[in-house]
Amino acid sequence: MKCGVVGGIALGLACAGAASGQVLFNDNFNRANGAIGSSWTILSGTWAVAGNAGTHTSTGVNQIIQDTFAFSAHHRARVRMDVFYAGTGIYFAGPMIGLSGTDSIQVKLQAQTGTGFFSHLGILHQVTLGPPTSTLFGVWPGTLTLPNMTTTSAGFVSLPAGASFNSARLFVEFPTPDVIRVDIDANIDGTIDFTYTRDGVSAIAGNFGIRYGVASGDVNGSFDNWRVQLRSWDVVDFDYTPGPDNRMGTLDDVPLVAPSAFASQATQLGNEYSALGLVFPAAVQDRNEVLSSTTFAVPALHTAPNLLASQGSATIEFGFTRPIYSVGVVLGIGSGADRLRAFDANDAELASVLGDDQSFLIATNRPIARVTVAGEGSTTPAIDNLTFTGAQVVDSGAGGANQGFTTGNYVAGSEFTVDSTQRIQSLGWIDAEGDGLTGSHQVFLWNVDTQAIVAQGTVRPNSLRAPSARGPAQWFLAPIPPTTLFPSTYRIVGEMTADAVGVSGDHLPFGGMSITPGYVRTSFPSGGNGFPNLTIGSDAVLATASVLYACHADLTRGAIQGQVGFGVPDGVLNNDDFFFFLSQFAAGNLAVADFTTGAIQGQPGFGVPNGLITNDDFFYYLALFAAGC
């Protein structure tokens, strides 16, 4: 998604191409017969779209097209594609991983026995370094584990005896950087029939690039439903619901089978995605229904087979049970443009965007409580590929529990890995009890590879607060200059001189990132604030980085009630913020004007709301405003 947040204001942006923040690259080839399209770069051979599928139209082998937009390190994404075989001649197709470097991996299902069925699987790499179009593919040193758990050093093997299928869905991912896993759903019925793994990947991965594509040989088949997804994101595609691991995009997902017409769909979504923090309102006929997309004119960004739709004047509507700050969807899949709107917990509109057959993202500095999609130019609002995330790089979910630590002259926090480039604007410290901080904390963000400080800031008792996903805990955030985090591993830690209660368990990372089990620190009790080189078993959450703009005095975009952005921070501190505060102070609005118990810094209750609005709150805000951001 080509999206972002400018100055902290809620935005609705069209997303196209590859950019920071895109989590899903896909093509269903649902377009007119002809050229393969601009979303693909032909490296060798000839290719086309025919019958809403991709086809290889030349007779050469190991010919390749590259997804123009998909990019990721090999172990940070999962690939899915459907392959189809027709006739009795030789044919193969499958994904290419690691293109744009001097080595790459080819996974292929091959038919070569003249039976009309696929007969072999290959998990191979380039025989010689260089462009993939000028080399053969062969085995790399490693062990291939077969579906019956026996092993071989071969890289091209016969499918198990009795395997008789001419269509399959391939899933390819890397459980670790050293191991590739291939799962085959024979006949595309939602069941994994064969699983293969091969180790030794790390020995050749240094020559991989970051691009993905499709390889094929001969013309006796086709491929479809191409998809590259970053593993650290949950994408709700309405084709599956979460399995026992409460994640999307994993092998225990439960397929959703849906009819193509509202009249045939008796079920409306409710709590099927509640494990992700996504919920739907009370069921109403023809609203929030999952339908097969076979009767819709869907764009290439849609992932078959299903979408979410409402009929006529009914809107699509959903909400969240944890703090969410950005929402993205493929919008306007029905018969025209639809409008995506986001609202806060007080039902104030934060942002809206109108779109047709594109991906869009709304991001805001205030939690999004409710989202609607209504037809404007369409009679059937429809969406697909819903993504959403919080604002904190490291957080704990509802299943977390408080864990006390002993104070001292050391730092502690968490390690996390960034899969896709992201910009942060603040660093934070947890208030696990939700009753305020008693002291200040320096927070440090380290790059693990270089052991260099990337950012640092000081969190104070009067710093901006943001809710944790594990209430009543809250985060206190200190502003930092906007800092770009590139794919790498980082450690975020803070001083343990006070407020030494963390939240343990139920790690909840920002989308596109993952949290390493355990926590990190320097030596206890006097290891100081150097690089946190120790890893401890408990999953304690203490410090975080955040995408939020943490200026406490920035309260609104404008001072005119009823306009979009009223009461929503916009990254600019000006007189509108001051007059907005005055109006809310005069109106007795505790949610906005209750800043403190007392106005004397250093005394108990300074910067801690007390459920009362007094002159202390006025002078406290006046000091914040004068200090600037």
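Residues numbered from 1 in each chain as written. Predicted model: local features only at pLDDT ≥ 70, side-chain atom pairs only at ≥ 80, totals over all residues. Heavy atoms only, no water.

**What about the overall build of the protein?**
Then comes step 1: A tally of helices and strands in the protein yields three helices and 46 strands.
Then comes step 2: Computed over C-alpha atoms, the radius of gyration of the protein comes to 26 Å, within 12% of the 25 Å expected from 2.2 N^0.38 for 629 residues, which places it in the range of a compact globule.
Then comes step 3: Taken over the C-alpha atoms alone, the protein extends approximately 85 × 60 × 35 Å along its principal axes.
Then comes step 4: Looking at the protein as a whole, 56% of its 629 residues are labelled buried.
Then comes step 5: Of note, the protein has its 26 positive side-chain charges centred 4 Å away from the centre of its 49 negative side-chain charges. (Helix = DSSP H or I, 4+ residues; strand = E, 2+ residues; numbered from the N terminus. Rg over C-alpha atoms; globule rule 2.2 N^0.38 Å. Buried < 20%, exposed > 50% of the residue type's maximum accessible area, 1.4 Å probe, protein only. Lys, Arg positive; Asp, Glu negative; His and termini not counted. Charge placed at Lys NZ, Arg CZ, Asp CG, Glu CD.)

**As for the side chain of Thr55**
Then comes step 1: Looking at the element boundaries, Thr55 is found in strand S6 (residues 54–56).
Then comes step 2: Thr55 gets classed as buried once you look at its relative accessible area, which sits at 12%.
Then comes step 3: The contacts of Thr55, once residues within four sequence positions are left out, are Thr46, Trp47, Ala48, Val49, Ala50, Gly221, Ser222 and Phe223. (Contact = heavy atoms within 4.5 Å.)

**What to know about the environment of Thr364**
Then comes step 1: With respect to the secondary-structure elements, Thr364 resides in the loop between strand S30 (358–363) and strand S31 (370–375).
Then comes step 2: Engagement of the side chain of Thr364 in a polar contact is seen with the backbone nitrogen of Arg366, the distance being 3.2 Å. (Polar contact = N/O pair within 3.5 Å; in protein donor to acceptor, adjacent residues only side chain to side chain.)

**A short note on helix H3 (residues 615–627)**
Then comes step 1: An ideal rise of 1.5 Å per residue puts 18 Å on 13 residues; H3 measures up with 18 Å between its terminal C-alpha atoms.
Then comes step 2: Listing the buried residues of H3 in full gives Asp617, Tyr620, Tyr621 and Leu624. For H3, the arc enclosing every buried residue in end-on projection is 95°, short of the 170-degree limit, so these residues lie on one face. For H3, the exposed residues set more than 90 degrees away from the buried face come down to Asn615 and Ala626.
Then comes step 3: Where the residues of H3 are buried, they touch helix H1 (575–587) and helix H2 (590–593).
Then comes step 4: After H3 finishes, the residue Gly628 shows a positive phi value of roughly 70°. (Expected span 1.5 Å × (residues − 1). Arc of directions from axis to C-beta.)

**Observations concerning the environment of Gly221**
Then comes step 1: For Gly221, the position within the fold is in strand S20 (residues 221–230).
Then comes step 2: For Gly221, a relative accessible area of 15% corresponds to the buried category.
Then comes step 3: C-alpha of Gly221 to C-alpha of Phe618: the two residues are 397 residues apart in sequence and 72 Å apart in space.
Then comes step 4: What Gly221 contacts, discounting residues up to four positions off in sequence, is Thr55, Phe84, Tyr85, Ala86 and Tyr91.

**Remarks on the confidence of the model for the protein**
Then comes step 1: Counting all residues, the mean pLDDT for the protein is 90, and 96% of those residues have values of 70 or more.
Then comes step 2: With pLDDT under 50 throughout, residues 1–21 is counted as low confidence; its partners more than four residues away or in other chains account for 70 contacts. (pLDDT = per-residue confidence, 0-100.)

**Thoughts on the nonpolar core**
Then comes step 1: With 54 residues, the main nonpolar core has Leu109, Phe165, Ile180, Ile184 and Tyr196 as its most contacted residues.
Then comes step 2: Sorting elements by how many residues they give to this core places strand S8 (residues 77–85) first, with five residues.
Then comes step 3: With 45 residues, the next largest nonpolar core counts Val459, Trp475, Phe510 and Val547 among its residues. (Core = buried A, V, L, I, M, F, W, Y, C linked by side-chain atoms within 4.5 Å.)

**Concerning the packing of H1 against H3**
Then comes step 1: Axis separation between H1 and H3 bottoms out at 11 Å; the angle between their running directions is 175°. The angle between H1 and H3 falls in the class roughly antiparallel. Of the residues in H3, those in contact with Asn575, Asp577, Phe578, Phe581, Leu582 and Phe585 of H1 are Asn615, Asp617, Phe618, Tyr621, Leu622 and Phe625.
Then comes step 2: Across the contact of H1 with H3, the residue classes tally to eight nonpolar, two polar and two charged. (Axes fitted to C-alpha atoms, helices over the stretch in contact; angles between N-to-C directions. Parallel < 35°, antiparallel > 145°, perpendicular 65-115°, else oblique. Nonpolar A, V, L, I, M, F, W, Y, C, P; charged D, E, K, R; others polar.)

**Section: the side chain of Arg322**
Then comes step 1: You can see Arg322 is positioned in the loop between strand S26 (316–320) and strand S27 (326–331).
Then comes step 2: This buried residue, Arg322, is left without a salt bridge; Asp234 holds the nearest opposite charge, at 5.8 Å.
Then comes step 3: Setting aside residues up to four positions removed in sequence, Arg322 forms contacts with Leu276, Gly277, Phe388, Gly390, Ala469 and Leu508. (Salt bridge = Lys/Arg side-chain N within 4 Å of Asp/Glu carboxyl O.)

**So, the sheet that holds strand S38 (residues 464–467)**
Then comes step 1: Taken together, four strands build an open sheet; the order of strands is S38-S39-S35-S46 and the sheet is antiparallel. Edge positions in the sheet fall to S38 and strand S46 (543–546), since each has one partner strand and no second. Ignoring strand direction, the axes of neighbouring strands in this sheet form an average angle of 45°.
Then comes step 2: In terms of strand pairing, S38 meets strand S39 (residues 474–485) through four bridges, oriented antiparallel. Directly across from Arg465, in S39, lies its bridge partner Phe476. (Pairing = 2+ DSSP bridges.)

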